[in-house]
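# Structural overview
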Amino acid sequence: MSEDKNLRTGDVAGDGPDSPADTETNKDSKDPSSASTSPGVAPGERSLTDKPAAEKSVADKSLNDKSVVVSDDPGPLPPHQDLDVIDVRHGMFGVTGTGDTSGYGGLVRPVAIPGSTERPYGGWFDSTADRLESALTTQGVSNGMPKVVIHRGEITFHVARESLVSVMQTLRDDADLRFEFCSGVSGVHYPHDSGAELHAVYHLLSMTHNRRIRVEVTCPDADPHIPSVVSVYPTNDWHERETYDFFGIVFDGHPALTRIEMPDDWPGHPQRKDYPLGGIPVEYKGATIPPPDQRRSYN
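Residues numbered from 1 in each chain as written. Predicted model: local features only at pLDDT ≥ 70, side-chain atom pairs only at ≥ 80, totals over all residues. Heavy atoms only, no water.

### Observations concerning the pairing of strand S3 (residues 147-151)
Defined as follows: Relative accessibility thresholds used throughout: buried, under 20% of the residue-type maximum; exposed, over 50%; partly exposed, between the two (1.4 Å probe, protein chains only). We count a stretch as a helix when DSSP gives it H or I for four or more residues in a row; a strand needs E for two or more, and each element gets its number in order from the N terminus. The criterion for strand pairing is that DSSP finds at least two bridges linking the strands in question.
The element S3 is extensively covered by neighbouring structure, given that 5 of its 5 residues are classed as buried. Burial along S3 is two-sided: Lys147, Val149 and His151 and Val148 and Ile150, pointing in opposite directions, are all buried. Two strands pair when backbone bridges link them, and S3 and strand S4 (residues 154-158) are joined in this way by 5 bridges, in the antiparallel orientation. Across the sheet, lysine 147 pairs through a bridge with histidine 158, a residue of S4.

### Quick word on helix H5 (residues 164-173)
As a reminder, the rule being used: Each C-beta atom gives one direction from the helix axis, and the arc is the one those directions make. Contact criterion: two residues are considered in contact whenever any of their non-hydrogen atoms come within 4.5 Å of each other.
Within H5, the full set of buried residues consists of Leu164, Val167, Met168, Thr170 and Leu171. What you see down the axis of H5 is that its buried residues fit within an arc of 160°, all on one side. Here the buried face of H5 lies against helix H4 (124-138), strand S6 (198-206), strand S7 (211-219) and strand S8 (225-227).

### Description of the pattern of salt bridges
Put simply, the rule reads: By convention in these notes, a salt bridge is any Lys or Arg side-chain nitrogen within 4 Å of a carboxyl oxygen on Asp or Glu.
In the structure shown here, the tally under the stated rule is 12 salt bridges. In this structure, the salt-bridge partner of lysine 147 is aspartate 84, at a minimum N-O distance of 3.5 Å. A residue pair is termed long-range when its members are at least 10 positions apart, and lysine 147 in strand S3 and aspartate 84 in strand S1 (residues 83-90) qualify at 63 residues. Lysine 147 sits in the buried class, given a relative accessible area of 17%. Between arginine 131 and aspartate 174 there is a salt bridge, with the nearest N and O atoms lying 2.7 Å from each other. In this pair, arginine 131 is assigned in helix H4 and aspartate 174 in the loop between H5 and strand S5 (181-189), connecting sequence segments 43 residues apart. A relative accessible area of 32% places arginine 131 in the partly exposed class. It is possible to trace a salt-bridge network through shared partners that takes in Arg119, Asp126, Asp130 and Glu133.

### Looking at the packing of aromatic side chains
Going by this rule: By convention, a stacked pair of Phe, Tyr or Trp rings (six-membered ring in the case of Trp) has centres within 6.5 Å and planes under 30 degrees apart, an edge-to-face pair has planes over 60 apart, and any other such pair is tilted.
Enumeration according to the criterion identifies 1 aromatic pair in this entry. When the ring of tryptophan 124 is compared with that of phenylalanine 125, the centres are 4.6 Å apart and the planes differ by 80°; the resulting orientation is edge-to-face.

### A word on the sheet that holds S6
Using the following cut-off: Whenever a helix is involved, its axis is fitted only over the stretch in contact; in every case the axis is a line through C-alpha atoms, and angles between N-to-C directions fall within 0 to 180 degrees.
Pairing is mixed in the open sheet, where 5 strands are placed in the order S3-S4-S7-S6-S5. Edge positions in the open sheet fall to S3 and S5, since each of these has one partner strand only. Shown here is a sheet whose adjacent strand axes are inclined to one another by a mean of 25°, direction ignored. Strands S3, S4 and S7 of the sheet are contacted by H4, whose axis makes an angle of about 20° with S4. Of the strands in this sheet, S5 and S6 touch helix H6 (residues 236-247), which is tilted by about 5° from S5.

### A closer look at the nonpolar core
Rules: Residue types Ala, Val, Leu, Ile, Met, Phe, Trp, Tyr and Cys, when buried and joined through side-chain atoms within 4.5 Å, form a set referred to as a nonpolar core.
Grouped together as the largest cluster of nonpolar side chains are 36 residues, with contacts concentrated most on Phe157, Met168, Leu171, Tyr202, Leu204, Val215 and Ile226. If you list the elements that add at least two residues to this core, you get H4, S3, S4, H5, S5, S6, S7 and H6.

### What about the side chain of serine 163?
Checked against the element boundaries, serine 163 lands in the loop between S4 and H5. Among residues more than four places away in sequence, those in contact with serine 163 are Val141 and Gly144.

### What about the confidence of the model for the chain?
Regions with low pLDDT carry predicted coordinates that are not meant to be interpreted in detail. Selection rule: Residue-level confidence of the predictor, termed pLDDT, takes values from 0 up to 100.
Looking at the chain, the pLDDT average stands at 78 and 66% of residues meet or exceed 70. Within the model, pLDDT remains below 50 along residues 1-35, and this stretch shows 11 contacts once partners closer than five positions in the same chain are excluded. Every residue in residues 57-73 scores below 50 in pLDDT, and together they form 31 contacts with partners more than four places removed in sequence or on other chains.

Below you can see the structure in the form of structure tokens.
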């Protein structure tokens, strides 16, 4: 009968609920410091609902404050890190004046990016940040890194644009850093991030130490200039041209900053958020379907 009972319940010798190994496992799983209670969160990380009140971000507050609405969970945040809310979107396409025909006219969603992370960062992040700060101080570069962000297990150094070339040169040449490879630069446009509407993001790899980091630089719409790093990473030649083409960031010192994909006389920069969405011509008495942000509202 005992064998039949084990077969029915799925228990085997040494693996039942009363076995020592299982008791230890259950004990560990109930330790709130060892694992999150929320599904889909990696071991050792805490979800938004697990964090104490002192560490809650704007997304946490939305759980109890109905005036704050967040449509997406930004994922586990390191301790003492908040979210920087730079805009609040209303509706699906940012329609103003004419209404929204998408049916999502009541959607309210803040645009938030991870804020600055306090030390310790963890692992090799701290030694890399320490070495970079020390090298820059030796060179006389002050306030070159106003913010360091750890998010989803990755580190991003936010660098002042006037210090960009010095930072990149140090990251490449310092023996303890050795980020020899830059895979390119990407542009991002946040129209409501006042004074920092345009972001340039560089992805770096250290083949010596098998590490990856990001460097992020911002500039205002009114002065969209960032120093070129082609002198440090020559392969950025094409990537800076593409970022200029699509976002309008001017990379000072680039050897030949021209458009790379759009025609030379193309008006505007197509991947900016303020670029027109465009309409669709239809073959019915010269009618045209207007862009989503210009349609009438039916709700």
